[in-house]
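A structural walkthrough
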Amino acid sequence: GPYTKRINDQVIEDGFFYFGLKHGRWIRLNKSDILQDKETYFLGWLNESIRFFWGPKKEYIKEIIPIKYGERNGMYYAFHLNGSLAAKGEYKHNRKIGVWTEYFSTNEKKKREIKFNKVPFEIENVFITREWNLNGKLIYDRSFFLKKIN
């Protein structure tokens, strides 16, 4: 149903929820009623986002690439065929930023963390920070590895 966030009778955010997911046009206003942001959603995802599915019937989602203003911006999600989370991370200005996490399909435990730059447009400095085996045991930790070298 419709949703309106107010502060002292002033509308700050307005939109529509469909089964708990943002759907349709959402707007954010500042205290002076000036439009700050306007986004369109489809079942919780930005409307421009690219969705890939497992198989031609499109029953199971494979990945969602967040697109905003024609660029990859926002949280990326990939899923295994069984529906469990395969990977997640964040895009900003078409570049991966922050920590990206991969997960095992069988037990949904973390598989690997890959660290990208905190902000886009810096010189690429990408490396694996931690890695786990199928049982969830930590098998590689970059901080311990660097301590052993130094």
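Everything that follows concerns the structure shown earlier in this document.
Computed from a predicted model, the values in this text were never measured in an experiment. (Residues numbered from 1 in each chain as written. Predicted model: local features only at pLDDT ≥ 70, side-chain atom pairs only at ≥ 80, totals over all residues. Heavy atoms only, no water.)

**Digging into the side chain of N117**
Formally: Secondary structure elements follow DSSP: runs of H or I no shorter than four residues count as helices, runs of E no shorter than two count as strands, and numbering proceeds from the N terminus. By the convention used here, residues are in contact when the closest approach between their heavy atoms is within 4.5 Å.
In this structure, N117 sits in the loop between β13 (110–115) and β14 (127–132). Not counting the four nearest positions on each side in its chain, N117 is found in contact with K96, I97, G98, E122, I123, E124 and N125.

**With respect to the sheet that holds strand β1 (residues 2–7)**
Definition in use: Any two strands with at least two DSSP bridges between them are considered paired.
Pairing within the open sheet is antiparallel, and its five strands lie in the order β1-β2-β3-β4-β5. Each edge of the open sheet carries a strand with a single partner, namely β1 and β5 (45–46). Here strand β3 (residues 21–29) runs beside strand β4 (residues 35–42); their pairing, made up of six bridges, is antiparallel. The residue of β4 that forms the bridge with I27 is K38.

**Concerning the pairing of strand β6 (residues 50–54)**
Note: β6 against strand β7 (residues 60–65), five bridges, orientation antiparallel. The residue bridging F53 from the neighbouring strand is I61, located in β7. With antiparallel pairing between neighbouring strands as the criterion, β6 and β7 make up a hairpin whose turn holds five residues, including G55 at a positive phi of roughly 85 degrees.

**Concerning the packing of aromatic side chains**
Operational definition: Put simply, two rings from Phe, Tyr or Trp (the six-membered ring, in Trp's case) pair if the centres are within 6.5 Å, and we call them stacked under 30 degrees between planes, edge-to-face over 60, tilted for the rest. The rule for a charge over a ring is simple: NZ of Lys or CZ of Arg within 6 Å of the ring centre, and within 35 degrees of the ring normal.
Per the stated rule, a full pass over the model turns up 10 aromatic pairs. Site record: aromatic cluster; members linked through ring pairs are Y76, Y91, W100 and F116. Geometry around F127 places R142 over its ring, the cationic atom sitting 3.7 Å from the centre.

**Let's talk about the sheet that holds β7**
Filter applied, for reference: Here an axis means a line fitted to C-alpha atoms, over the contact stretch when the element is a helix, while the angle between two N-to-C directions is reported on a 0 to 180 degree scale.
Within the open sheet, the eight strands sit side by side as β6-β7-β10-β11-β12-β13-β14-β15. Their pairing is antiparallel. In this open sheet, the two edge strands, each paired with only one partner strand, are β6 and β15 (138–141). The mean angle between the axes of side-by-side strands here comes to 20 degrees, regardless of whether they run parallel or antiparallel. Where β14 and β15 come together, three bridges link them in antiparallel fashion.

**A word on the environment of T106**
The criterion, for reference: Exposed residues in this analysis have more than 50% of their type's maximum accessible area, buried residues have under 20%, and partly exposed residues fall in between, with area computed by a 1.4 Å probe over protein chains only.
Mapped onto the secondary structure, T106 falls in the loop between β12 (95–103) and β13. A relative accessible area of 64% means that T106 is categorised as exposed. Separated by 104 residues in the primary sequence, T106 and P2 place their C-alpha atoms 38 Å from one another.

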